[in-house]
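The chain contents come next:
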Amino acid sequence: MLEGLAAWVLNTYVGEYVENLNTDQLSIGLLQGQVELENLPLKKDALRKLELPIEVKTGFIGKICLQIPLRRLKSEPWVISMERLYLVAGPLKNRSFDEAGAKKYDADLKKEQLKEFEEKWKLKYCGASNESSGYSYSSWWSYGTSLASNIVENLQLKVHDVHIRYEDCTSIPGKTFACGVTIKDLSAQSTDLEWIPKYVSSADTDMMHKLLDLKDFSIYWDVDAKQCGDLAREELYDILSRQMGQSAKTGDFKDHEYLLEPVSGQAKMKSNTSAMKL
């Protein structure tokens, strides 16, 4: 039912990055067409797919909101909104190679990929029975065999206030530096052939169009940077939301040293959804 599909969306797009995501109690929020989750801590291995020698020191998502158009499921998109995505990473403290851990990581990654492929296949062809969440999506197919896949294809993503930071005090002895990426707004949505945002049924076209909008994207590299990865959440929010660097020597705030000053842009993408082989 509705709870099952909502749980699948949240687990698929958010679950692997945040701690303690509980999608078992969605009924109350879904009655109002909106589910809100606040102050979700990020997992320590949230960046592991990058396969880099870094780890998450701290991080959280201030708010996640899933909006569902209960009365217009066939004509309006579901929307996932996020606010205040803050993450601070640093170098791995234990640099020794763990062969057993590496093998377990590879096996777990393959299992996750297989599970993701299986869930997508079920969602597209079988009504997407999700054993892990205890829900069955098969009743959705009474609305039409393509409803669930249309919901996923038209899913809108809106992200506001992103700050991803890497800080390091060990690579260069006696020096602390920090580099990071900031984004004011990011959105992705389906459009028609003229790139006008619109709910599009996959039954009406073999080519889905996606519009990506990016506002105030920047990259900075600060030397003499004060570390903030060990701060409490409130202090971390105060520092990262300033969009300024803090000196390790004086503690004063100053403008970031930008490699790329804030820029905005737009990307247009096409995806072939035809069932025919390429």
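Structure shown above.
These notes cover the structure that comes with them.

Parameters and conventions
- Residues numbered from 1 in each chain as written.
- Predicted model: local features only at pLDDT ≥ 70, side-chain atom pairs only at ≥ 80, totals over all residues.
- Heavy atoms only, no water.
- Helix = DSSP H or I, 4+ residues; strand = E, 2+ residues; numbered from the N terminus.
- Contact = heavy atoms within 4.5 Å.
- Areas by Shrake-Rupley, 256 points an atom, 1.4 Å probe, with all protein chains shown as cover.
- Buried < 20%, exposed > 50% of the residue type's maximum accessible area, 1.4 Å probe, protein only.
- Salt bridge = Lys/Arg side-chain N within 4 Å of Asp/Glu carboxyl O.
- Core = buried A, V, L, I, M, F, W, Y, C linked by side-chain atoms within 4.5 Å.

Overview of the overall build of the protein
Okay, step 1: Per the secondary structure count, the protein includes 5 helices and 11 strands.
Okay, step 2: Of the contacts formed within the protein by residues at least 6 apart in sequence, a portion of 68% connects residues at least 24 apart.
Okay, step 3: Surface accessibility of the protein: about 16300 Å² in total, with carbon and sulfur atoms responsible for 54%.

Some remarks on the environment of Leu21
Okay, step 1: Tracing the backbone through its elements, the reader meets Leu21 in the loop between α1 (2–15) and α2 (27–31).
Okay, step 2: With relative accessibility at 18%, the residue Leu21 sits in the buried group.
Okay, step 3: Placed 11 residues apart in sequence, Leu21 and Leu10 show a C-alpha to C-alpha distance of 8.6 Å.
Okay, step 4: Non-local contacts of Leu21, meaning those with residues more than four positions away in its chain, are made with Leu10, Asn11, Val14, Gly15 and Leu37.

Some thoughts on the pattern of salt bridges
Okay, step 1: Evaluated as defined, the whole model comprises 5 salt bridges.
Okay, step 2: With a shortest N-O distance of 3.1 Å, Lys57 and Glu167 are connected by a salt bridge. Of this pair, Lys57 sits in strand β2 (residues 54–67) while Glu167 is found in strand β6 (residues 156–168), placing the two residues 110 residues apart along the sequence.
Okay, step 3: The salt bridge involving Arg84 is made with Glu83; its shortest N-O contact spans 3.7 Å.
Okay, step 4: The class of Arg84 is partly exposed, set by a relative accessible area of 23%.
Okay, step 5: Beyond isolated ion pairs, a larger network of salt bridges with shared partners links Lys57, Arg165 and Glu167.

Side note on the nonpolar core
Okay, step 1: Counting 34 residues, the largest nonpolar core has Leu66 and Trp78 as its most contacted members.
Okay, step 2: Setting aside chain neighbours within four positions, we find Leu66 in contact with Ala6, Val9, Leu10, Gly33, Gln34, Val35, Trp78, Val79 and Ile80.
Okay, step 3: The next biggest cluster of nonpolar side chains, apart from the first, holds 7 residues, and it includes Tyr86, Cys228, Ile239 and Leu240.

A few points about unusual backbone geometry
Okay, step 1: You will see that Asp161, though not glycine, has its phi angle at about 70 degrees, which is positive.
Okay, step 2: Of note, Asp161 is situated in strand β6.
Okay, step 3: Backbone geometry places Asp224, a non-glycine residue, at a positive phi of 50 degrees.
Okay, step 4: With respect to the element layout, Asp224 can be found in the loop between β8 (207–223) and α5 (233–240).

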